[in-house]
Amino acid sequence: MEKQSLQNWNISQSGLRFLIIILLVIGVFFRFANLDKKGYWGDEAFSLLRISGYLQSEMNEQLSDGRVFTVEDLHKYQHPNAEKDAGDTIKAIALEDSQILPLYLLMTRFWIEWFGDSIAVVRSFSAFISLFTFPLIYLLCLELFESSLVGWIAIALIAVSPIHLVYAQEVRAYTLWIVTILMSSVALLRAIRLKTKVSWGIYAATLSLGFYTHLFFILVAFGQGIYLIAIERFRLSKTSIYYLISSLAGVMSFVPWIWIIITNVQPGSVSWASAKQTFFASAMRWAGLYSRPFLDLGINPNAPGIVKIALIPFILIILALIIYSIYFICRRTPKKVWLFVLTLIGSVGIPLLIADFIFQKRYGTSRYTLSSVLGIQLAIAYLLTTKIASINTKAWQNKLWSLITFMLIMSGIVSCTLNSQAQMWWNNLPEKYGEFPKIANIVNQGNKPLLISSTDNILLSVQILSYLLEPKVQYQIIGKNQLPKITNGFTDIFLLLVEPSDFLKAGVEKVYNSKLQQINQVLWKVTKST
């Protein structure tokens, strides 16, 4: 980077930093605001089951005996309790979800044990972890660009980035994954610069943390290896040797879990990604993925077509900005800078692009492209800093890029505001769970309601809905191909079947000598026969 232009800022450093600190405060506020406004969704319910230490098979067996139980019995499988310890959490992950790495879930379990199990408290751990993103992105900019101003601009972009807010309020490992990506990136650049055994030891430790956070960190680490080999010009230098030793140490620490993954394969765990998509559909989806870090109005598959069409010009502008920022950083910075940014963008992004466009899969999702998002945000932070803070920029260009920066910040603030006030966002799968608040309102109107469902619906549907239902609601889970036991004393009896079961519907009508009144696609009410 041209140090001279950065040393001759035509704006006040203190004034700019004050504005960025205000944005930082706004970003922190958004991360902790209304944490419990949105109910849990499917992936979060899975996370909570793993945190509890129970196997899904255990839960199904213990709840599907036909007895009537309360929400406390149901939530026993969603929170830590005396029956299961942290070792059981690791065991449950290893046996039923080995591709989900244990570090985040264990840390969240301890957080819940210390602070409580309300929705706000549980989600606050992810929000807390997300705060480490700010100092780490700043340190990364210092190492990479040797510029504190780029670091401040990057903090501003991330503070009001809608995609960072989404995952800072979710009981999943993605904020921790972001943090470990940044930690390992800072540690790698620092080790290359210092060339000490301690610095390389720190890098090895960050690799181990990353490996136990998310499986795709393997791709990030591979990209870092490509970067180091390239800047060392494929020579077996002292730096290369230290890198190989550190990487080997990090990989060796992950070998026990690699063995667990190999011996406990769950082939159906990513079956949702097998749905084929056309080239055009994939292109539209990827355009949305890379625009969401800057503009996110909560658009989901059920949104009206006119709304999606209206967003196309804004998405194209954002994509043009991203492409130009990558071009700009490649033209204006030395190889060790632009290559790092490109490997960060491409280490996960390129394999996902290949899977989606060559093999017509749909592995590309917002949560899987977070490492690419970080690289893009670094490129844009460098571009904006250079354009608005350099005396070499013409006055009209300075005003133009200041306006672009302002619009990016405002689009992020508007997006975060809409998210914080919504009861459901696109990541909560409103196309699947959008009717749950209405269903809860219907069931809660009963004086003494009973909710009947099947084993296939305990997780996710019944568990998710239970957080929206009042404590007076009781539950009955029926095993596969079994008839429900008749229960008395309930004023309203409902049948919930997100996963359909004609056998259970017929069984309820037979046992209660009643008819089922269909309320919507997944909810029926038992009514007297006429």
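Criteria and cut-off values
Just so you know, the residues in each chain are numbered from 1, in the order the chain's sequence is written. pLDDT decides what is reported in this predicted model: residues at 70 or higher carry local features, side-chain atom pairs at 80 or more are listed and counted, and totals for whole chains, interfaces and linings draw on all residues regardless. Only hydrogens and water are removed before side-chain values are computed, so all heavy atoms of the structure are retained for them. Only runs of H or I of at least four residues qualify as helices and only runs of E of at least two qualify as strands under DSSP, and these elements are numbered from the N terminus. Each radius of gyration is computed over the set of C-alpha atoms, and the globule rule expresses the reference value as 2.2 Å times the number of residues to the power 0.38. Per-residue accessibility, obtained with a 1.4 Å probe over protein chains only, is compared with the maximum for each type, and a residue is labelled buried under 20%, exposed over 50%, and partly exposed between these values. Note on contacts: a residue pair is in contact if any heavy atoms of the two residues lie within 4.5 Å. For the area figures, the Shrake-Rupley method with a 1.4 Å probe applies, and any residue is considered shielded solely by the protein chains shown. We count Lys and Arg on the positive side and Asp and Glu on the negative side, and we leave His and both chain ends out. In plain terms, the charge of a residue is placed at NZ if it is Lys, CZ if Arg, CG if Asp and CD if Glu. Strands pair, by our definition, only if DSSP identifies at least two bridges between them. Handedness is read with the strands pointing away from the viewer; a crossover is right-handed when the path from the first strand over the helix to the second is clockwise. A pocket here means an open set of points on a 1 Å grid, computed over the protein atoms alone, that has protein on both sides within 12 Å along at least five of seven lines. A cavity is instead a set of points where a 1.4 Å probe fits but cannot get out; residues with an atom within 4 Å of a point line either one. Grid points are joined across faces, edges and corners, and a volume is the space filled by probe spheres set on the points. Amino acids are sorted into nonpolar (Ala, Val, Leu, Ile, Met, Phe, Trp, Tyr, Cys and Pro), charged (Asp, Glu, Lys and Arg) and polar (every other residue, Gly among them). One fewer than the residue count of a helix, multiplied by 1.5 Å, yields its expected span. pLDDT is a residue-level measure of predictor confidence that goes from 0 to 100. Patch membership is restricted to residues that have no salt bridge and whose relative accessible area is over 30%. Joining uses 9 Å for like charges and 5 Å for the nonpolar side chains Val, Leu, Ile, Met, Phe, Trp and Tyr. Salt-bridge detection follows one rule: a side-chain nitrogen of Lys or Arg within 4 Å of a carboxyl oxygen of Asp or Glu. Definition of a polar contact: a pair of N or O atoms within 3.5 Å, with one able to donate and the other able to accept a hydrogen when the atoms are protein atoms, and with sequence-neighbouring residues admitted only if both atoms are side-chain atoms. Note on ring pairs: Phe, Tyr and Trp rings are taken, using the six-membered ring of Trp, and paired if centres are within 6.5 Å. Classes follow the plane angle, with under 30 degrees stacked, over 60 edge-to-face and the rest tilted. Ring-over charges, as used throughout, are those where CZ of Arg or NZ of Lys falls within 6 Å of the ring centre and within 35 degrees of the ring normal.

Participant: Give a detailed account of the overall build of the chain, specifying residues and quantitative values.
Facilitator: Each helix and strand in the chain was counted, giving 24 helices and six strands. In summary, the chain has a C-alpha radius of gyration of 26 Å against a globular reference of 24 Å for 530 residues, a match within 12%. Along the three orthogonal principal directions, the C-alpha set of the chain runs to about 85 × 50 × 45 Å. Considering the chain as a whole, with its 530 residues, one finds that 55% of them fall into the buried category. Taking contacts inside the chain between residues at least 6 apart in sequence as the whole, the part at least 24 apart equals 78%. As displayed, the chain has an accessible area near 23400 Å², and 64% of this comes from carbon and sulfur atoms. Put simply, the chain has 45 plus and 30 minus side-chain charges, and the middle of one group is 12 Å from the middle of the other.

Participant: Which residues make up the pairing of strand β3 (residues 474-478), and what values do they have?
Facilitator: Most of β3 sits out of view: four of its five residues are buried. Pairing analysis gives three bridges linking strand β1 (residues 65-69) to β3, with the strands arranged antiparallel. Across the sheet, residue F69 finds its bridge partner in β3, namely Y475. Sheet analysis places strand β2 (residues 449-454) next to β3, joined by five bridges and oriented parallel. Looking at β3, one finds that L451 is bridged to Y475. Since β2 and β3 lie parallel, the crossover through helix α23 (residues 458-466) that links them has a hand, and here it is right-handed.

Participant: An account of empty space enclosed by the protein is needed here, citing residue identities and associated values.
Facilitator: One pass over the full model with this rule turns up four cavities of 30 Å³ or more. Roughly 110 Å³ of internal volume is contained in the largest cavity. Taken together, the residues of the lining of the largest cavity break down into four nonpolar, five polar and five charged. Volume-wise, the second largest cavity comes out at about 60 Å³. Taken together, S185, V220, G223, Q224, F340, T343, L344 and S347 form the lining of the second largest cavity. Those elements giving two or more residues to the lining of the second largest cavity turn out to be α14 (217-231) and α18 (335-357). Per-element tally for the lining of the second largest cavity: the top contributor is α18, with four residues. Taken together, the residues of the lining of the second largest cavity sort by class into three nonpolar, five polar and no charged.

Participant: I'd like to hear about helix α20 (residues 395-421), residue by residue, with values.
Facilitator: The end-to-end C-alpha separation of α20 is 39 Å, in line with the 39 Å expected for 27 residues at 1.5 Å each. All of the buried residues along α20 are N398, W401, T405, L408, I409, S411, G412, I413, S415, C416, N419 and S420.

Participant: An account of the layout of surface pockets is requested, with residue identities and associated values reported.
Facilitator: By volume, the second largest pocket amounts to about 410 Å³. Surrounding the second largest pocket, 17 residues form its lining, L16, L19, L23, T405 and I409 being those nearest its centre. Secondary structure elements with two or more residues in the lining of the second largest pocket: α2 (13-32), α10 (148-159) and α20. Considering only residue class, the lining of the second largest pocket consists of 14 nonpolar, three polar and no charged.

Participant: Quick rundown of the confidence of the model for the chain? Include the residues and the values.
Facilitator: With 95% of its residues at a pLDDT of 70 or more, the chain shows a mean pLDDT of 90. Under a pLDDT of 50 for its full length, residues 1-10 has, in the predicted model, 30 contacts with residues more than four places off or in other chains.

Participant: With reference to specific residues and values, describe a nonpolar patch on the surface.
Facilitator: Together, L248, V251, M252, V255, I258, W259 and I262 make up an exposed nonpolar region whose accessible area comes to about 680 Å². Note on V251: relative accessible area 36%, which makes it partly exposed.

Participant: Just give me the short version of helix α6 (residues 86-96), but keep the residues and values in it.
Facilitator: Within α6, the full set of buried residues consists of A86, D88, T89, A92, I93 and A94. Of the residues that open α6, the one with a side-chain oxygen 3.0 Å from the backbone nitrogen of G87 is D85.

Participant: Break down the environment of K432 for me, with residues and values.
Facilitator: One can find K432 in helix α21 (residues 430-433). Owing to a relative accessible area of 40%, K432 belongs among the partly exposed residues under this scheme. For K432 and G42, which are 390 residues apart along the polypeptide, the C-alpha to C-alpha distance reads 9.6 Å.

Participant: Can you tell me about unusual backbone geometry, naming the residues and giving the values?
Facilitator: Its identity is not glycine, yet N34 carries a phi of approximately 55°, on the positive side. Structurally, N34 can be placed in the loop between α2 and α3 (42-52). What makes N34 partly exposed here is its relative accessible area of 31%. Despite not being glycine, N481 has its phi angle at roughly 60°, a positive value. Structurally, N481 is set in the loop between β3 and β4 (492-496). Given a relative accessible area of 57%, N481 falls into the exposed group.

Participant: I'd like a description of the packing of aromatic side chains, backed by residues and values.
Facilitator: Using the criterion set out here, one finds 28 aromatic pairs in the structure. Between F29 and F30 the ring centres are 5.9 Å apart and the planes differ by 55°, which places this aromatic pair in the tilted class. Residue F29 is classed as exposed on the basis of its relative accessible area of 55%. By relative accessible area, F30 is classed as buried at 7%. The ring of W426 has R292 sitting right over it, with the charged end atom 3.7 Å from the ring centre. Above the plane of the ring of Y368 lies R367, whose end atom (NZ or CZ) is 5.2 Å from the centre.

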